[in-house]
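Here is what each chain is made of, one letter per residue.
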Amino acid sequence: MASVPDPHQSQHAPAHVDGEPRAVVRPGWVLGPLLLLFALLTWQAAVAGPVRRADERLAGEVRGSRLPSGAAEFLADLGSLVVAVPVLLAVVVYVSWRARRAELPRWWVPSLAALVAMAAVPALVVPLKEVVGRTGPPGMAGDGYYPSGHTATAAVAYGAAVLLVLPWLNSRYRRRELVIGYLVLVAAVGFGLVRRGYHWPLDVAGSWCLSAMLLLGLAMVTSPSRDTARQPK
């Protein structure tokens, strides 16, 4: 006999309890290659070699692109702490309110995990900058440009916000559009940073890898499959 949807549940509980199947997050097979790629990029950023020379040539081409400097500056600023972190905090408050209202077990765990992932960004990026010590693009003083802090901030803050919101979207098309929009936004931030001459492309790519690993860990916590088994049938 087909089950009758619970109107109260559909209004207040996340989408994964409405009977729609969700893929189980299995990040193990992704985490290993990401870690290996990040180690490779970090090594190439630290030593003078053909990869770094190609990276510098690519940076020159991006800086010479037709994207206006003002637009590039705006995109780069989307990766700053004062922009990205408040967005995440607003999503944390909203999702926590909805989860508590829905009386979900351990409703606070996903939001706390998202904040921990965000706090891990400076904890990882700052020491890596000191260890690698890569000098900046022309016009940028000093060293410590790899990996890009702005790129990691944007990728983790907006990515964590997306992971928190996804279970509450009933439409698979809305979920897909949200993920696509996030990927475009993060790519645009990286492009803006290189276009303005704040970072090398390799700095951005390394931060993408680092951020992906943090978000995979967060996805294991926020995955709907963790709570589905505890939901009443």
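The preceding data block contains the structure.
So, here is what we can say about the structure in this document. For every chain, the first residue of the written sequence is number 1, and numbering continues from 1 onward in sequence order. Note on the predicted model: pLDDT of at least 70 is required for a residue's local features to be given, and 80 or more for side-chain atom pairs to be given and counted; whole-chain, interface and lining totals, by contrast, use all residues. For the side-chain quantities, the full set of heavy atoms in the structure was used; hydrogens and water were omitted.

Moving on: the nonpolar core. Side-chain atoms within 4.5 Å link the members of a nonpolar core, which is a set of buried Ala, Val, Leu, Ile, Met, Phe, Trp, Tyr and Cys residues. Exposure is judged per residue with a 1.4 Å probe applied to protein chains only, and the accessible area is read against the type maximum: over 50% gives exposed, under 20% gives buried, and values in between give partly exposed. Core analysis: the largest hydrophobic core is formed by 52 residues, its most contacted members being Leu88, Met118, Val121, Leu164, Tyr182 and Leu218. Elements with a minimum of two residues in this core: α2 (28-46), α4 (69-77), α5 (81-101), α6 (109-132), α7 (149-165), α8 (172-195) and α9 (201-222). Labels follow the DSSP assignment, with helices taken as runs of H or I lasting at least four residues and strands as runs of E lasting at least two, numbered in each case from the N terminus. For this core, the element with the most residues is α7, which contributes eleven residues. The criterion used for residue contact is that any of the two residues' heavy atoms lie within 4.5 Å. When residues no more than four places from it in sequence are discounted, the contact partners of Leu164 are Leu88, Val91, Val92, Val95, Pro110, Ser111, Ala114 and Thr222. In terms of nonpolar packing, the next biggest core, distinct from the first, is built from five residues, Ala59, Val62, Trp200 and Val204 among them.

So, about the packing of α6 against α9. Following both chains from N to C, one finds α6 and α9 inclined at 160°, their axes separated by 10 Å at the closest point. Overall, the two elements α6 and α9 adopt an arrangement that is roughly antiparallel. Viewed along their axes, α6 and α9 form a crossing whose handedness is right-handed. Contacts from Val109, Pro110, Ala113, Ala114, Ala117, Ala120, Val121, Leu124, Val125 and Leu128 of α6 reach α9 at Leu210, Leu214, Leu218, Val221 and Thr222. Looking at the contact of α6 with α9 residue by residue, the class counts come to 14 nonpolar, one polar and no charged. To define axes, lines are fitted to C-alpha atoms, for helices over the stretch in contact only, and angles between the resulting N-to-C directions are given on a 0 to 180 degree scale. Comment on the angle field: the value is read as roughly parallel under 35 degrees, roughly antiparallel over 145, roughly perpendicular from 65 to 115, and oblique elsewhere. By the definition used in this description, the sense in which the near helix is turned from the far one sets the handedness, with an anticlockwise turn below a right angle giving left-handed and a clockwise turn giving right-handed. Each residue receives one of three labels: charged for Asp, Glu, Lys and Arg, nonpolar for Ala, Val, Leu, Ile, Met, Phe, Trp, Tyr, Cys and Pro, and polar for the others, Gly being one of them.

A few words on the side chain of Arg52. Examined against the element boundaries, Arg52 turns out to sit in helix α3 (residues 50-63). A residue counts as positive if it is Lys or Arg and as negative if it is Asp or Glu; His and the chain ends are not included. Take a side-chain nitrogen of Lys or Arg and a carboxyl oxygen of Asp or Glu: if they are within 4 Å of each other, that pair is a salt bridge. It is Glu56 that comes nearest to the buried, bridge-free Arg52 among opposite-charge side chains, at 4.2 Å. With near-sequence residues (within four places) excluded, Arg52 lies in contact with Gln44, Ala45, Ala46, Val47 and Arg134.

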